[in-house]
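Chain by chain, the residues:
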Amino acid sequence: MFKKDSIYIGIVYALILPLLFFIPVYFFVQKFDLDMHTQSFLFIVGVALNLILMRRANKERKEFILKGILLVSFLYAILFCYFKFKGLA
């Protein structure tokens with residue numbers, strides 16, 4: 001799956017995969033006016049999807065890709081905490 005070992009590739013993968021899940025589900029949640037706990041669930045699933053990528057990169061011994069995915073996962077976690085304490089998620 002991963003051919004080159006670069007931190008930038010890991011960042012791109014970690015940004016794109018959760019967004020591919022997040023965007024359609026977020027609009028679905030907004031359209032049917034579901035509760036705010038569902039939006040918190042979306043952030044958690046985004047981090048969980050990155051864990052799948054991390055496992056794959058670890059299995060293929062791509063350390064820099066793994067570091068890029070981990071960096072973005074931490075950013076997602078920080079965003080989740082920010083929105084959670086601001087009352088937005």
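Note that residues are indexed from 1 along each chain, following the sequence as it is written. In keeping with the model being predicted, local features are shown solely for residues with a pLDDT of at least 70 and side-chain atom pairs are shown and tallied solely at 80 or more, while totals for entire chains, interfaces and linings include all residues. Hydrogens and water molecules were not included; the side-chain quantities draw on all heavy atoms of the structure.

A. Fine view of the overall build of the protein chain. Helix and strand labels come from DSSP, where a helix needs a run of H or I of at least four residues and a strand needs a run of E of at least two; each type is numbered from the N terminus. Tallying secondary structure elements over the protein chain gives 3 helices and 0 strands in all. The N-to-C order of helical and strand elements in the protein chain reads α-α-α. Throughout, a contact is declared for two residues whenever any of their heavy atoms are within 4.5 Å. For the protein chain, the proportion of contacts with a sequence separation of at least 24, taken over those separated by at least 6, is 72%. Accessible surface computed for the protein chain: about 6400 Å², of which carbon and sulfur atoms make up 72%. The accessible surface values rely on the Shrake-Rupley method and a 1.4 Å probe; as for residues, cover is taken only from the protein chains in view.

B. The pattern of salt bridges, seen in detail. Should a side-chain nitrogen of Lys or Arg be within 4 Å of a carboxyl oxygen of Asp or Glu, the pair is scored as a salt bridge. This structure, assessed with the given rule, holds 1 salt bridge. Among the salt bridges present, the one from Glu60 reaches Arg56, with a minimum N-O distance of 2.9 Å.

C. Focus on the nonpolar core. The biggest cluster of nonpolar side chains holds 8 residues, and these are Ala14, Leu53, Met54, Ala57, Ile65, Ile69, Val72 and Tyr76. Among the elements of the structure, α2 (37-59) and α3 (63-86) are those that each provide at least two residues to this core. Broken down by element, this core gets its largest block of residues, 4 residues, from α3. In this structure Tyr76 touches Ala14, Leu15, Pro18, Leu19, Phe43, Val47 and Asn50, once residues within four positions along its chain are discounted. Here, nonpolar core means buried Ala, Val, Leu, Ile, Met, Phe, Trp, Tyr and Cys residues that are tied together by side-chain atoms lying within 4.5 Å of each other. Relative accessibility thresholds used throughout: buried, under 20% of the residue-type maximum; exposed, over 50%; partly exposed, between the two (1.4 Å probe, protein chains only).

D. Representation of the confidence of the model for the protein chain in the model. Confidence in the prediction of the protein chain, expressed as mean pLDDT, is 84, and 88% of residues score 70 or more. pLDDT measures how confident the predictor is about each residue, on a scale from 0 to 100. Per-element mean pLDDT across the protein chain ranges from 83 in α2 up to 88 in α3.

E. Main features of the side chain of Ser73. By the secondary structure assignment, Ser73 is in helix α3. Assessed through its relative accessible area of 8%, Ser73 is described here as buried. For Ser73, the residues in contact, after removing those within four places along its chain, are Val47, Asn50 and Met54.

F. Representation of the environment of Leu79. In this fold, Leu79 is placed in helix α3. The exposure class assigned to Leu79 is partly exposed, which follows from its relative accessible area of 38%. Here the alpha-carbon distance between Leu79 and Phe43, two residues 36 residues apart in the chain, equals 8.4 Å.

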